[in-house]
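Reading the structure
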Amino acid sequence: MIGDLAMHVADLVENSLRAGATEITVRLAREGEDLRLEVEDNGAGIPPEDFARVTDPFFSTKKGAGIGLGLPLLVQTAEETGGSFRVEPRPGGGIRVTARLGSRHPDLPPLGDLVGTLVPLIATSPGVEFTVELSDDRTAWTLSTREVRERLGEVPLTHPDVLVFLERALADGLREVGFEEER
Amino acid sequence: MKLEELRKIRERAEAELRLRGGPSRVKIVVGMGTSGIAAGARATLRAIVDEVARRDLRDVTVTQTGEKGLAAQEPIVEVHEPDRITIYGEVDEATARRIVAEHVINGRPLAERVVEVREVKG
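All values reported here derive from a predicted model rather than from experimental measurement.

Looking at the overall build of chain A
Helix and strand content of chain A: five helices and six strands. Going through the 183 residues of chain A one by one, you find that 42% of them count as buried. A separation of at least 24 residues holds for 65% of the contacts in chain A among residues at least 6 apart in sequence.

Quick look at the structure:
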């Protein structure tokens, strides 16, 4: 149903942006036999009565926004790879979406172009701070746009040199923790 | 992450800004609401960011926004200049790259994809 994991990440991040989040954390972690994909935000959250329905493909918390296929597709990927899926409120507001995928399962989609998918979303969201955390059982790597902005002052993240920096940094991070990107 | 690299980028960018005498010349805004994404806005945004990096456009900023109320014409791209805002509709990846090359760099809007032009009164 979905081409690669980068598309799942894009779906989740775009949901967070539409929910008005100003802090978004993306986590990709290899934990034993599992690959944990997690996105956490401080956005508008989901009313308690709607939590059970967020994986319904014809349900959206956004009035008039049409069908919300992002989460149902991720649920499907989790189920197809023998994993699990959870959406929960985040302490202090917002939500956390966690998918555990079977990292060695033959139906696990490829990672795809995570750099090319994530960097445009990060760089073009001026009021939003992103943290990207990549890890395996031995190594952990983090990119924080807050740290990047602190060093850049007024220079926007869409400055060509910054875009190249972000792309290279994220590609290095993926390599450090042993994820194979496809560009 | 080599954060020291960012200090050098900042120094260079601030020197460019002083030479130019002001902030960005052009701001490009891409509609990334649900209908925009369904119509392919992800590829549009990605193409524009790629062109900005590849062509080394140091006086252009790119941002995204939500629904623009023009669902039938998504993906929507706005080019903000000091005296006008040009709104483009049905901007696929190829058109996005042409907008950067022909409008942003050469100053010739792509008339066939313009939905609206709003004059900005100083």
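Thoughts on the overall build of chain B
Of regular secondary structure, chain B possesses four helices and five strands. Going from the N terminus to the C terminus, chain B shows its helices and strands as α-β-α-α-β-β-β-α-β. Taken against the 2.2 N^0.38 rule, which gives 14 Å for 122 residues, the C-alpha radius of gyration of chain B at 15 Å falls within 12% of a compact globule. By residue count, 39% of the 122 residues in chain B fall in the buried class. Across chain B, contacts joining residues at least 24 apart in sequence account for 66% of those joining residues at least 6 apart.

Some details on the interface of chain B and chain A
Counting residues at the interface gives 26 residues for chain B, matched by 28 residues for chain A. Elements with a minimum of two residues in the side of chain B that touches chain A: α1 (3–20), α2 (34–38), α3 (41–54) and β2 (60–65) of chain B. Here the element with the most residues in the side of chain B that touches chain A is α1 of chain B; it accounts for eight residues. Per-class residue counts for the side of chain B that touches chain A are 13 nonpolar, five polar and eight charged.

Some points on the nonpolar core
One recurring pattern in soluble globular proteins: nonpolar side chains tend to sit buried together. Among the nonpolar cores identified, the biggest contains 74 residues, and V9, V13 and L166 of chain A together with I48 and V77 of chain B are the most heavily contacted of them. The contacts of I48 of chain B, once residues within four sequence positions are left out, are I28, V30, V62, A96 and V100 of chain B.

Section: the pairing of strand β2 (residues 34–41) of chain A
Residue and element names in this part refer to chain A. In this structure, strand β1 (residues 23–31) lies alongside β2, joined through eight bridges in antiparallel fashion. Each bridged residue has a counterpart across the sheet, and for R27 the counterpart in β2 is E38. Between β1 and the antiparallel strand that follows it, β2, lie two residues; G32 among them carries a positive phi value of about 60°. In this structure, β2 lies alongside strand β4 (residues 95–102), joined through seven bridges in antiparallel fashion.

A closer look at the sheet that holds strand β5 (residues 129–135) of chain A
Residue and element names in this part refer to chain A. Spatially, the six strands line up as an open sheet ordered β3-β4-β2-β1-β5-β6, and their pairing is mixed. The open sheet has two free edges, formed respectively by β3 (84–89) and β6 (140–144), since each of these has just one partner strand. Averaged over all adjacent pairs, the angle separating strand axes in this sheet is 10°, with direction ignored. This element, helix α2 (residues 70–80), spans β3 and β4 of the sheet and lies at about 30° to β4. Packing against the sheet, helix α4 (residues 145–152) makes contact with β5 and β6, and its axis sits at approximately 50° to β6.

Quick look at the sheet that holds strand β3 (residues 77–81) of chain B
All names here are of chain B. The sheet built from five strands is open, its strands ordered β2-β1-β3-β4-β5 with mixed pairing. Each edge of the open sheet is held by one strand with a lone partner, namely β2 and β5 (114–119). Across the sheet, the mean angle from the axis of one strand to that of its neighbour is 15°, orientation sign disregarded. Sheet topology places strand β1 (residues 26–31) next to β2; six bridges connect them, and they run parallel. Bridge pairing in β2 places V26 opposite V60. Contacting β1, β2 and β3, α3 crosses the sheet at an angle of about 160° to β1. The strands touched by helix α4 (residues 93–105) within the sheet are β1, β2, β3 and β4 (84–88), with β3 carrying the most contacts at an inclination of about 15°.

Quick word on the packing of helix α3 (residues 114–123) of chain A against helix α5 (residues 160–176) of chain A
Residue and element names in this part refer to chain A. Two numbers describe how α3 lies on α5: the axes approach to 10 Å, and their chain directions differ by 135°. Taken together, α3 and α5 sit at an angle that is classed as oblique. Viewed along their axes, α3 and α5 form a crossing whose handedness is right-handed. Contact residues: α3 offers L114, V115, L118, V119, I122 and A123, while α5 offers L163, L166, E167, L170, A171 and L174.

Let's talk about unusual backbone geometry
All names here are of chain B. Cis geometry marks the peptide bond from E74 to P75; its omega dihedral reads -5°. Mapped onto the elements, P75 comes out in the loop between β2 and β3. Positive phi values are uncommon outside glycine, yet D56 reaches one of about 60°. Of note, D56 is situated in the loop between α3 and β2. Phi at E90 takes a positive value of approximately 50°, unusual for a residue other than glycine. With respect to the helices and strands, E90 occurs in the loop between β4 and α4. Owing to 18 C-beta atoms within 10 Å, E90 belongs among the partly exposed residues under this scheme.

What counts, and where the lines are drawn
- Residues numbered from 1 in each chain as written.
- Chains lettered and ligands numbered in written order.
- Predicted model: local features only at pLDDT ≥ 70, side-chain atom pairs only at ≥ 80, totals over all residues.
- Helix = DSSP H or I, 4+ residues; strand = E, 2+ residues; numbered from the N terminus.
- Buried ≥ 20, exposed ≤ 12 C-beta atoms within 10 Å, placed from the backbone.
- Contact = placed C-beta atoms within 7 Å.
- Rg over C-alpha atoms; globule rule 2.2 N^0.38 Å.
- Nonpolar A, V, L, I, M, F, W, Y, C, P; charged D, E, K, R; others polar.
- Core = buried A, V, L, I, M, F, W, Y, C linked by C-beta atoms within 7 Å.
- Pairing = 2+ DSSP bridges.
- Axes fitted to C-alpha atoms, helices over the stretch in contact; angles between N-to-C directions.
- Parallel < 35°, antiparallel > 145°, perpendicular 65-115°, else oblique.
- Left-handed = near helix turned anticlockwise from the far one by under 90°.

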